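Residue-level structure breakdown
This is what each chain is made of:
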Amino acid sequence: MDTSSLMEQILSSDNLNRAYLQVVRNKGAEGVDGMKYTELKEHLEKNGDIIKEQLRTRKYKPQPVRRVEIPKPDGGIRNLGVPTVTDRFIQQAIAQVLTPIYEEQFNDHSYGFRPNRCAQQAILTALDMMNDGNDWIVDIDLEKFFDTVNHDKLMTIIGRTIKDGDVISIIRKYLVSGIMIDDEYEDSIVGTPQGGLCGYLHNPPYVELVVMPS
């Protein structure tokens, strides 16, 4: 598949309309600019053409994500990054174009972060394999995985498939857009915030939730 002109697919009216509807369906909290998802339509009516031109010319600058701490069942803390609603809209538009490309690369036994797949299906597959005589289940959790993803390695892997420089540029910008913790800005020199596009993008090269026979 030719991936050298993906930005125009991302910025197509049909793709952007689908992205807008999905962001509105997802609702979600405000980012650092305080804009609510209910305000997105009016914002895009006024600024949509400017945003598209900025993306085409590599002048768009994503805003930092807002750090939110979510308690984990084991008593720890999971750090989520909440993008602005505008950035969620752009990220959704990008993901809609990239997902079919990366779906072709996934192993059939992978269930993590994939369309029409879920953890319950992985459990059922594991049970089927146990019924077939396999009696080992290995549960591995990579501690602070999202927080330690190397940007250069991730971009190198993405660049093996995605050949559109404009798309590569905006993905890199999202990786380094920074984090707002309360009112303090923090550089994001490593890691991908959970809750946005880059959290999704780590999954094609770093497959999660894999169920395979022994």
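Counting secondary structure elements, the chain contains 8 helices and 4 strands. Taking 2.2 N^0.38 as the reference for a compact globule, 214 residues should give roughly 17 Å; the C-alpha atoms of the chain span a radius of gyration of 18 Å, in line with that estimate. Oriented by its inertia axes, the alpha-carbon framework of the chain measures out at about 60 × 45 × 35 Å. The buried share of the chain, reckoned over its 214 residues, is 39%. Contacts in the chain between residues at least 24 apart in sequence constitute 72% of all its contacts with a sequence separation of at least 6.

Pairing of strand S1 (residues 65-71) with strand S2 (residues 77-82), which is carried by 6 bridges, proceeds in the antiparallel orientation. When the sheet's bridge partners are listed, Arg 66 is paired in S2 with Val 82. Hairpin connection from S1 to S2: 5 residues lie between these consecutive antiparallel strands, with Gly 75 at a positive phi of about 100 degrees.

With that settled, consider the packing of helix H3 (residues 40-56) against helix H4 (residues 85-103). Helix-helix packing is characterised by the crossing angle of the two axes and by the distance between the axes. Closest axis-to-axis distance for the H3/H4 pair is 11 Å, and the angle between their directions is 60 degrees. As judged from the angle between their axes, H3 and H4 are oblique. Between H3 and H4 the crossing geometry is right-handed. The segment H3 lies against H4, with Leu 40, His 43, Leu 44, Ile 51 and Leu 55 engaging Val 85, Thr 86, Phe 89 and Ile 90. Residue composition of the contact of H3 with H4, grouped by class: 7 nonpolar, 2 polar and no charged.

Now for the environment of Thr 3. Topologically, Thr 3 is positioned in the segment before helix H1 (6-10). With 164 residues separating them in the primary sequence, Thr 3 and Val 167 have C-alpha atoms 9.7 Å apart.

Spatial ordering of the open sheet is given by S2-S1-S3-S4, a layout of 4 strands whose pairing is mixed. Two strands in the sheet have a free side with no partner beyond their single neighbour: S2 and strand S4 (184-186). With strand direction ignored, the average angle separating the axes of adjacent strands in the sheet is 40 degrees.

Looking now at the nonpolar core. Ile 10, Leu 55, Phe 89, Ile 90, Leu 98, Ile 162 and Ile 170 are the most contacted members of the largest nonpolar core, which has 34 residues in total. Those elements that provide at least two residues to this core are H1, helix H2 (13-26), H3, H4, helix H6 (151-159) and helix H7 (165-175). The biggest single contributor to this core is H4, with 9 residues. Residues contacting Ile 162, with those up to four places away along its chain left out, are Thr 3, Leu 6, Leu 98, Ile 101, Tyr 102, Val 167 and Ile 168.

Conventions used here
- Think of each chain on its own: its residues are numbered from 1, step by step along the sequence as written.
- Totals for whole chains, interfaces and linings use all residues, but because this is a predicted model, local features are given only for residues with pLDDT of at least 70 and pairs of side-chain atoms are given and counted only at 80 or more.
- To get the side-chain values, all heavy atoms of the structure are used, and hydrogens and water are removed first.
- Secondary structure elements are defined from DSSP: runs of H or I of at least 4 residues count as helices, runs of E of at least 2 residues count as strands, and each element is numbered from the N terminus.
- The globule rule used here is 2.2 Å times the number of residues to the 0.38 power, and the radius of gyration it is set against is calculated over C-alpha atoms.
- Partly exposed residues are those whose accessible area sits between 20% and 50% of the maximum for their type, while under 20% is buried and over 50% is exposed, using a 1.4 Å probe and protein chains only.
- Residue contacts are defined here by distance: any two heavy atoms, one from each residue, within 4.5 Å place the two residues in contact.
- If DSSP finds at least two bridges between two strands, the strands pair.
- Inter-axis angles, ranging from 0 to 180 degrees, are taken between N-to-C directions of lines fitted to C-alpha atoms, where helices are fitted over the stretch in contact.
- Comment on the angle field: the value is read as roughly parallel under 35 degrees, roughly antiparallel over 145, roughly perpendicular from 65 to 115, and oblique elsewhere.
- With the far helix as reference, a near helix turned anticlockwise by less than a right angle produces a left-handed crossing, and one turned clockwise produces a right-handed crossing.
- Residue polarity follows a fixed list, in which Ala, Val, Leu, Ile, Met, Phe, Trp, Tyr, Cys and Pro are nonpolar, Asp, Glu, Lys and Arg are charged, and the others, Gly among them, are polar.
- Working definition of a nonpolar core: buried Ala, Val, Leu, Ile, Met, Phe, Trp, Tyr and Cys residues. They are joined through side-chain atoms within 4.5 Å.

Function-wise, these values are silent; they only describe arrangement.
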